[in-house]
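So the chains spell out like this:
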Amino acid sequence: MVVVVLIADFDVTWISRTIREINSTFASELEQGQLVVIHVSQEWYPSLTGLKRNYNDAPDRVTFRSKQNVDYSFLIHYSAGLGKYYLQLEDDVFSAKNFLTTIRKHIEEQNMKKSTWAMLEFSALGYIGKLYKSSSLPLLARFLFLFYQEMPCDWLMTHFRELMTQRETILFKPSLFQHMGTFSSFQGTYNKLKDKDFEQGVYTNPSAEVYSNISTYQKNLPKLAWEAGEGFFWGRSPGRGDHLTVVFQEPTVVTGILVETGSGGKDLLDSGQVELGQEVLTKEKQSCKTFQSLGAFINGKFEMQGIDKLHNSASSCLRILVTAGQKDWVIVQKIRITTKQSAS
């Protein structure tokens, strides 16, 4: 991949200082062509003052977002010939581990489907983590330039997607990028935008059904602890022998398990263990015939790697077993596993 950075400011002193810093910090990346830094002179920009005040935005706000659209237009236009796909990011984002591998996998899966796509989204925020085919970039660059003063970039990108005949959003979860900045480049205003679906580690849970005999509170269902995102399972006072059981769609060689319970030090699972099971019960299909214990929860958390070295055969179930009853309710925040296929 090639990283293209647009120096978007017009302050000559700041530009010189920033380029010196980049040169000294990323000398080898620049030399090898892995990093490209570009700047567009102010004379190439259209007028950024006296613009239409759509949505009753203040004039300085209109100038800010309009320039941003032109910035993106120049950046996208330059990047059109550099690769097969283009990923739009910002300069203040944090990425999940193995994000590039995950994106490649999703692209391959999407390309195998009959429906065409114009934009894949790997973050729900603004103009972060949006992926396009490079063949669409000349059109996108012109579109942003043509309508630069009409509306913010994230609104324009939605219109562009729809014009390219992709009616529905294709958003992958968990998000692969998190917004880290706290101050907006617009007048230094405070910006606390965070992507609630971001997970630093890549989500690799296989398809499965989740069951529990613990009484569920409201709509905080067991499966929410297994799925990507911020959902969780919340159950009333579990008793000894109660369980939450995950039944895999296909037998899976599990290499790592992480289970986190509780919230803010409350509603932890005080006494419990994690087990792997073999052979799904044919009638009920909600459990397995036999289980082997992997270990106990410590302070409401269970984490273990290298499980395949101890249990090399494929498992069909994962079970959280309550080993002593408790008055407190229990929250299972997340169940995350890695498998032999996903770890490779």
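Residues numbered from 1 in each chain as written. Predicted model: local features only at pLDDT ≥ 70, side-chain atom pairs only at ≥ 80, totals over all residues. Heavy atoms only, no water.

## Let's talk about the UniProt feature "domain: MGAT4 A/B/C C-terminal" (unreviewed entry) in the protein
This is how it is decided: UniProt positions are given in the numbering used here, feature names are shortened, and annotations may be inferred rather than shown by experiment. Helix numbers and strand numbers start at the N terminus; a helix is a DSSP run of H or I with at least 4 residues, a strand a run of E with at least 2.
Summarizing the sequence annotation, UniProt attributes the feature "domain: MGAT4 A/B/C C-terminal" (unreviewed entry) to residues 208-333 in the numbering used throughout. As a span, residues 208-333 carries 6% helix and 48% strand, and end to end its C-alpha atoms are 17 Å apart.

## As for the pattern of salt bridges
Any two side chains of opposite charge can pair, given that their charged atoms come close. This is how the line gets drawn: Salt bridge, as used here, is a side-chain nitrogen of Lys or Arg placed within 4 Å of a carboxyl oxygen of Asp or Glu. Here the term buried applies to any residue with accessible area under 20% of the maximum for its type, exposed to any over 50%, and partly exposed to those in between, with areas from a 1.4 Å probe on protein chains only.
Taken as a whole, this structure holds 10 salt bridges when the rule is applied. A salt bridge links Lys130 to Glu121, with the shortest nitrogen-to-oxygen separation between them at 3.9 Å. Measuring nitrogen to oxygen at the nearest pair gives 2.7 Å for the salt bridge that ties Glu275 to Arg319. One end of the pair, Glu275, is in strand E12 (residues 272-280); the other, Arg319, is in strand E15 (residues 315-322), and 44 residues separate them in sequence. Residue class for Glu275 comes out buried when judged on its relative accessible area of 5%. Overall, the relative accessible area of 18% leaves Arg319 in the buried class.

## Examining the sheet that holds strand E6 (residues 130-133)
Cut-off, in case you're wondering: Strand pairing is defined by DSSP finding a minimum of two bridges between the two strands. Working rule for contacts: check all heavy atoms of both residues, and any pair within 4.5 Å makes them a contact. Under this scheme, a helix contributes an axis fitted over its contacting stretch, all axes are lines through C-alpha atoms, and angles between N-to-C directions fall in the 0 to 180 degree range.
Strands sit in the order E3-E6-E5 across an open sheet of 3 strands; the sheet is antiparallel. Only two strands of the sheet have a single neighbouring strand rather than two, namely strand E3 (85-88) and strand E5 (120-121). In this structure, E5 lies alongside E6, joined through 2 bridges in antiparallel fashion. Across the sheet, the residue bridging to Leu120 is Leu131, located in E6. Contacts from helix H4 (residues 99-111) reach E3, E5 and E6 within the one sheet, and its direction differs from that of E3 by about 125°.

## As for the pairing of E15
A large share of E15 lies buried, amounting to 8 of its 8 residues. Pairing between strand E10 (residues 243-252) and E15: 6 bridges, direction antiparallel. Opposite Leu244, over in E15, you have Ile320 as the bridge partner.

## Examining the state of the cysteines
Linking two cysteines covalently via their sulfur atoms produces the bond known as a disulfide. Which entries qualify depends on this criterion: For the purposes of this analysis, a disulfide is any pair of cysteine sulfur atoms at a distance within 2.5 Å.
Using the criterion set out here, one finds 1 disulfide in the structure. Across a sulfur-sulfur distance of 2.1 Å, Cys288 and Cys317 are joined as a disulfide pair. Taking the sign of the S-S torsion, about 85° here, the bridge from Cys288 to Cys317 comes out right-handed. Here Cys317 lies in strand E15 and Cys288 lies in strand E13 (residues 288-296), a separation of 29 residues in the sequence. Owing to a relative accessible area of 0%, Cys317 belongs among the buried residues under this scheme.

## Considerations on the pairing of E10
Counting buried positions along E10 yields 7 of 10 residues, so the element is predominantly enclosed. Sheet topology places strand E8 (residues 208-212) next to E10; 5 bridges connect them, and they run antiparallel. From the neighbouring strand, Tyr211 faces E10, where its bridge partner is Thr245.

## A closer look at the packing of aromatic side chains
We count it as follows: By convention, a stacked pair of Phe, Tyr or Trp rings (six-membered ring in the case of Trp) has centres within 6.5 Å and planes under 30 degrees apart, an edge-to-face pair has planes over 60 apart, and any other such pair is tilted. Look at NZ for Lys and CZ for Arg. If either is within 6 Å of the ring centre and within 35 degrees of the ring normal, a charge sits over the ring.
The tally for this structure, following the rule as stated, stands at 18 aromatic pairs. Between Tyr55 and Trp155, the ring centres sit 4.9 Å apart and the planes meet at 85°, which makes this aromatic pair edge-to-face. Placement of the pair is Tyr55 in the loop between strand E2 (35-39) and helix H3 (59-79) and Trp155 in helix H6 (residues 153-163), with a sequence separation of 100 residues. Arranged with centres 6.0 Å apart and planes meeting at 75°, the rings of Trp234 and Trp329 form a pair that is edge-to-face. Residue Trp234 is found in strand E9 (residues 233-235), and its partner Trp329 is found in the loop between E15 and strand E16 (330-339); the two are separated by 95 residues along the sequence. Trp234 gets classed as partly exposed once you look at its relative accessible area, which sits at 23%. The aromatic ring of Phe10 is capped on one face by Lys67, whose charged end is 4.9 Å from the ring centroid. A cation over a ring is seen here: Arg319 above Phe291, with NZ or CZ 3.8 Å from the ring centre.

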